[in-house]
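Overview (structure and organization)
So the chains spell out like this:
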Amino acid sequence: MTGYTTVIGLEVHVQLGTNSKLFSPAPVAALGDPNTRVHHVDIGLPGVLPRPNRRAIELATRAALALGSEIQLYSEFARKHYFYPDLPKGYQISQFDLPLALGGSVVIGEGRSCRLHRLHVEEDAGKLTHTAIGTLVDLNRAGVALAEIVSEPDIREPKEAHTFLHRLREVIRFAGVSDCDMELGSMRCDANISLMPIGSDTYGTKVELKNLNSMKMVHRALEYEVRRQTAVLAAGGKVIAETRGWHDELGESRSMRSKETAPDYRYLPDPDLPPIVLDEAFVTAQREQIGELPEDRRNRYRQTHCLSDQDVTALAQDRDIGDWFELLVAAGADAKPACNWLIEELLPALRERKLKLLQSPISATGLAELLTLLKDKTLTQKTSRLVFAHLLETNVSAKQAIKDLGLGKIDDPASLQPLVDAAIAEMPQAARAVAAGTDRAIDALKGLVMRKTRGRADPGLLDSLLRTTIAANS
Amino acid sequence: MSTSPTTATAIAKAMRNGDLCAVDIVQAQLQRIASLDPELGAFCSTFDDRATANAVRLDERQKAGESLGPLAGVVIGSKDNLLVENELASAGSRMLSTFRAPFTATSLQRLELHDGLLIGRTNMDEFGMGSTTETSAFQKTRNPFGKDLVPGGSSGGSAVAVAADLCAIAIGSDTGGSVRQPAALCGVTGLKPTYGRVPRYGLIAYASSLDCVGALARTAEDLALWLDCASGQDPADATSLPTPATVSHMLAERSDLKGVRIGVPRELNGEGVDDEVLTATQAAVAQIRDLGGEVIDCALPSAKHAVPAYYLLATAEAASNLARYDGVHYGNRTEQTDPSQQSSIDTTTQSRSEGFGAEVQLRILLGTFASSYGYSAQFYERARLARRALQREFAQLFERCDVLLSPTSPTAAPHFGDHEEDPLARYMWDALTVPASLAGIPALSMPCGQTADGRPIALQAMAKHGHDGHVLQLAHVFQMHSQHHLRRPQL
């Protein structure tokens, strides 16, 4: 239809999960009043010097290893210069020609992967708020450690970019490097996109997209940009090399600045910082800290537990989720129901309460007990949900919850018989119809008993008692 | 003052013996500053309260019989680019004329920890950029050997403060000769230690890969005392060397220079040096030979690239280091226009144009050019290569020599207004000091004579990276056998 191939490359910033900033002892915290997480170094006061955070280098190394990148044993910090009020020193400390890692890849679909160009470490800038009385500067974020991951232009459609980000996030989270929350800004993405005629091997003019604050926005902005560039080219026009900002509320991107006026960053090796010299022992130690990666985990779940692709994907989206699933199975739960309950019941319930999985009021053994009671039919699907809700609130054992709720299954004939008799007395036509051979009429009677017992009647026993009673009466 | 001991070593010893009272010392020095400095212009301000309070505490501890530190009672001036908590730190610039330091530089903290008494901040060329202290935005500093003579720079205030006995030790900083050259012009002894030996945290940066905290004093012995107290690793400075220098004890080990191999690089001992200077330094070399030194004629061919390499690297780093003065977070912010009516880049441009003097603006422009896209390979990168070549040559020379000698400055102190208007010609004035800066090696300047009209002349000694003790030892022996460092100006 269009006659063009889309070419996309991504630049992703991931906040490294350090306690203090990349070059200062100031604490890293998502919250805090403006300018309260700021050290002299972060303001760039006269006379201050950066002191490198070893932990940041460790975490960035782990991220790089988890992405299959090659660690560079000799790398260097460099200064990137530009004037902006959120950049107190007039330069950002980043890495230039000698980054921490090169190469690597991310899976973006069946048999498709996107190569990585490099991974480097840099410091974050501050935050500006434009108000009626002027622009306010908050330096809480200034100096926070970031890893910038730059992909090769291997992505061919917006959906693949979306997958790239999902998979990247998964790997980084698994490696214990960052929580990668785009909404909170601990993962940020800029995209470069261009179109080239199908069959061509010369890239078209690329446009850089900024202000992509969620995975959805990345997807939407790229789809918009494909349409926009296609229209420009179809009309015989030329795509302008520029930076465009995404305005999600308007559903469109707008030009921010042309590439012709791009600043000269005058990269210089930072004379305040010695080169980062690593050895194999350091790299090995970081590799050992990573543990199982999501792809390996998905394969293991497929093979060991015979779970579907959808299930393993859900379980491997986050290391904690998979770990919790394994605790459930270890506590005796069957894999399939364990997966379903974890993904469809527990996680949504925790989200509603703004809790993380590790803060769950229900322990893995507690949920496994519930699943066992469900399996041996002590609980029905319906009552199990009531018990689950009770467990979320009270933190008792499943058996105790059943007692508290009066939810024990009615599975002795002596208790159930009076209820069966009452149901037949209340719905005589249905009983007659069953006796006359209209078997499905029995469902009405069962439904009545279930309603009265709030689902506690053992379905098998109920069925047999209804049939024997009707047969005996007719 | 004439009966009081005037070297830091003697003062500290007398203090520890209970022969001196710190409050009296501080009072006497403040009085001397008050009477002499209006004409000399060495100090920008004095720390009367801080110095007095520290002196009172020191005297109390002495009375209580506590042992006192190695700098007890030693009054110390510090250059205006070193931070002292709650005091102004302006680096000679209008940009920072109201900047008050929130903490004290590591190198000064250590001096107070060893019972030194910081007494005030000394005038300097703006951000260390200059060789006469004339680029200071605040005041003129005069050489005590002649009121119409420049004191040298950029640590001119520190040199004058020591030369005029306004303090026993003055701290300076040396990027391309800013301690050694004013020491030479004012007839005092000055040390630029090995790069990284004394922490830079709290030193307002000029060119980070070259900046060294140094000191000026009357004797090499005092400088050794200072270095022992100020050196050592600082977690806040990633470029600081892991081991402290322990040099004072080395000075007692020698009273002659037997077996010391002395290199005299041709490139630094002839061309461009005034005859009077050369005659005096050659006489000093001869005296060193008489003291047992083995003098070796040698070459440092890369020295001819030192000045251009230095100015490209120093200005590129300076343009970067001074980018922080943007009128946004602290320092001068323009009041010329309504900030809500202009963009932040206009505010920054205007604030910098107002805050920086001409020499600083010139060097920022040079450095920006040398490091800009398309030019950096041609200028900045080539300068780095030249620096490495020079470092290699020095390393080779130090396989054959223990110390290298040259004049510190090619001329004695010129008169105000004498020096060239052409900046390139002015920069050549640094030709003898920048090689050691580029190599990061220790270098010391000591008085070794005077011109016919009485202006001081100095000899420079350089040693291998990390071997600060070698230059101090040589200077100490030289001073044991000569009087040049004892000559004082008539005030």
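Residues numbered from 1 in each chain as written. Chains lettered and ligands numbered in written order. Predicted model: local features only at pLDDT ≥ 70, side-chain atom pairs only at ≥ 80, totals over all residues.

1. A word on the overall build of chain A
So the rule is basically this: Secondary structure is summarised from DSSP: a helix means a run of H or I of at least four residues, a strand means a run of E of at least two, and numbering begins at the N terminus for each. Exposed residues have 12 or fewer other C-beta atoms within 10 Å of their own C-beta, buried residues have 20 or more, and residues in between are partly exposed; the C-beta atoms are placed from the backbone. What counts as a contact is two residues whose backbone-derived C-beta atoms lie within 7 Å of each other.
A tally of regular secondary structure across chain A gives 16 helices and 17 strands. Summarising its shape, the C-alpha atoms of chain A cover approximately 95 × 55 × 50 Å along the three principal directions. Looking at chain A as a whole, 41% of its 474 residues are labelled buried. Taking the contacts inside chain A whose residues are at least 6 apart along the sequence as the reference set, 67% of them involve residues at least 24 apart.

2. Some remarks on the overall build of chain B
Counted only if it meets this: Within these notes, the globule rule equals 2.2 Å times the number of residues to the 0.38 power, and the radius of gyration is based on C-alpha atoms.
Counting its secondary structure elements, chain B contains 16 helices and eleven strands. A compact globule built from 491 residues should have a C-alpha radius of gyration of about 23 Å, and chain B, at 21 Å, falls within 12% of that. Taken along the three principal axes of its C-alpha coordinates, chain B extends 70 × 55 × 45 Å.

3. Remarks on the interface of chain A and chain B
To keep things clear, this is the line we draw: As a working rule, the residues Ala, Val, Leu, Ile, Met, Phe, Trp, Tyr, Cys and Pro are called nonpolar, Asp, Glu, Lys and Arg charged, and the rest polar, with Gly in that last group.
Chain A puts 28 residues into the contact, and the matching count from chain B is 38 residues. Secondary structure elements with two or more residues in the side of chain A that touches chain B: helix 1 (40-43), strand 4 (78-81) and strand 10 (134-138) of chain A. Here the side of chain A that touches chain B gets three residues from one element, more than from any other, and that element is strand 10 of chain A. Taken together, the residues of the side of chain A that touches chain B break down into 15 nonpolar, seven polar and six charged.

4. Considerations on the domain arrangement of chain A
Filter applied, for reference: Residue ranges labeled as domains rest on an automatic or database domain assignment.
When cut into domains, chain A gives domain 1 (4-282), domain 2 (292-405) and domain 3 (413-473). Taking only C-alpha atoms, the centre of domain 2 of chain A and the centre of domain 3 of chain A are 34 Å apart.

5. Brief notes about the environment of C448 of chain B
All names here are of chain B. Positionally, C448 belongs in strand 10 (residues 443-450). By the C-beta count within 10 Å, which is 27 here, C448 ends up buried. Considering only alpha carbons, one finds C448 and A184, 264 residues apart in sequence, at a separation of 9.1 Å. Contacts of C448, omitting those with residues within four sequence positions, involve A280, T281, A284, I457, A458, L459 and H484.

6. A look at the sheet that holds strand 4 of chain A
Residue and element names in this part refer to chain A. Using the following cut-off: When DSSP finds two or more bridges between a pair of strands, those strands are recorded as paired.
As summarised here, the arrangement of the three strands in space is 5-4-16, forming an open sheet in which the pairing is antiparallel. Lying at the two open borders of the sheet, with one neighbouring strand each, are strand 5 (91-94) and strand 16 (268-269). As paired strands, strand 4 and strand 5 are joined by four bridges and run antiparallel to one another. Counterpart to A78 in the pairing with strand 5 is S94.

7. Notes on helix 4 (residues 106-113) of chain B
Counting buried residues along helix 4 of chain B, six of its eight residues qualify, which places the element largely inside the surrounding structure. Positive phi shows up at D115 of chain B, right after helix 4 of chain B, with a value of about 75°.

8. Let's talk about the confidence of the model for chain B
Here is the rule we go by: Confidence scores labelled pLDDT are given residue by residue by the predictor and lie between 0 and 100.
Here chain B averages 95 in pLDDT, and 97% of its residues register 70 or above. Across the predicted assembly, pTM comes out at 0.88 and ipTM at 0.96.

9. What to know about the nonpolar core
Filter applied, for reference: When buried Ala, Val, Leu, Ile, Met, Phe, Trp, Tyr and Cys residues are joined through C-beta atoms within 7 Å, the set is termed a nonpolar core.
Residues V14, A60 and A63 of chain A together with V74, I76, V403 and A461 of chain B are the most contacted members of the largest nonpolar core, which totals 226 residues. Element by element, the count of residues in this core is highest for helix 10 (residues 306-321) of chain B, at eleven residues. Setting aside anything within four residues of it in sequence, one finds A60 of chain A in contact with L16, L100, L119, V121 and A147 of chain A. Counting residues in each nonpolar core, the second largest holds 31 residues, with L315, C339, L342 and F388 of chain A among its members.

10. Here's the deal with unusual backbone geometry
Residue S154 of chain B is bonded to the preceding G153 of chain B through a cis peptide linkage, with omega at 10°. Secondary-structure assignment places S154 of chain B in the loop between strand 3 (117-122) and helix 5 (156-163). The phi torsion at C306 of chain A lies on the positive side, around 50°, for a residue other than glycine. Positionally, C306 of chain A belongs in the loop between helix 6 (294-305) and helix 7 (309-315). Since 10 C-beta atoms lie within 10 Å of it, C306 of chain A is described here as exposed. Phi angles above zero are rare outside glycine, and N86 of chain B is one such case at about 70°. Its location among the elements puts N86 of chain B in the loop between strand 2 (75-79) and helix 4.

11. Some words on the pairing of strand 13 (residues 207-212) of chain A
Residues and elements named next belong to chain A. Note the threshold: A clockwise path from the first strand over the helix to the second, with the strands pointing away from the viewer, defines a right-handed crossover.
Pairing of strand 12 (residues 187-197) with strand 13, which is carried by four bridges, proceeds in the antiparallel orientation. Across the sheet, A191 pairs through a bridge with L209, a residue of strand 13. One crossover worth recording links strand 13 to the parallel strand 14 (residues 242-247) by way of helix 4 (residues 215-234), and it is left-handed.

12. Re the packing of helix 13 (residues 413-426) of chain A against helix 16 (residues 459-473) of chain A
All names here are of chain A. Defined as follows: Structural elements are reduced to axes, namely lines fitted to C-alpha atoms, with helices fitted over the stretch in contact, and the angle between N-to-C directions of any two is expressed from 0 to 180 degrees. In what follows, roughly perpendicular refers to angles from 65 to 115 degrees, roughly parallel to angles under 35, roughly antiparallel to angles over 145, and oblique to any angle outside these ranges. Definitions for this section: a left-handed crossing has its near helix turned counterclockwise from the far helix by less than a right angle. A right-handed crossing has that turn clockwise.
Interaxial distance between helix 13 and helix 16 falls to 10 Å at its minimum, and their mutual angle equals 55°. For the element pair helix 13 / helix 16, the angle class is oblique. As for the relative orientation of helix 13 and helix 16, their crossing is right-handed in sense. Contacts from P413, L416, Q417, V420, D421 and I424 in helix 13 reach L461, L462, L465, L466, T469, I470 and N473 in helix 16. Taken together, the residues that form the contact of helix 13 with helix 16 break down as nine nonpolar, three polar and one charged.

13. Section: the packing of helix 8 (residues 319-330) of chain A against helix 10 (residues 364-375) of chain A
Residues and elements named next belong to chain A. Contact geometry for helix 8 and helix 10: axes closest at 8 Å, N-to-C directions at 50°. By the criterion of interaxial angle, the relationship of helix 8 to helix 10 is oblique. Relative to helix 10, the crossing made by helix 8 is right-handed. Touching W324, L327 and L328 of helix 8 are A364, L367 and A368, all from helix 10.

14. A word on the sheet that holds strand 9 (residues 403-407) of chain B
All names here are of chain B. In space, the eleven strands of this open sheet follow the order 1-3-2-4-6-5-10-11-9-7-8, with mixed pairing throughout. Each edge of the open sheet carries a strand with a single partner, namely strand 1 (43-46) and strand 8 (294-298). Going across the sheet, the axis of each strand differs from the next one's by a mean of 30°, ignoring polarity. Summarising the sheet, strand 5 (residues 189-192) and strand 10 pair through three bridges and their orientation is antiparallel. Paired with K192 across the bridge in strand 10 is A443. Contacts from helix 7 (residues 220-230) reach strand 4 (169-174), strand 5, strand 6 (212-217) and strand 10, with the element oriented near 145° to strand 6.

15. Description of the pairing of strand 5 of chain B
Residue and element names in this part refer to chain B. Of the two faces of strand 5, the one holding T189 and L191 and the one holding G190 and K192 are both buried throughout. Pairing of strand 5 with strand 6 involves three bridges; the strand directions are antiparallel. Directly across from L191, in strand 6, lies its bridge partner A215.

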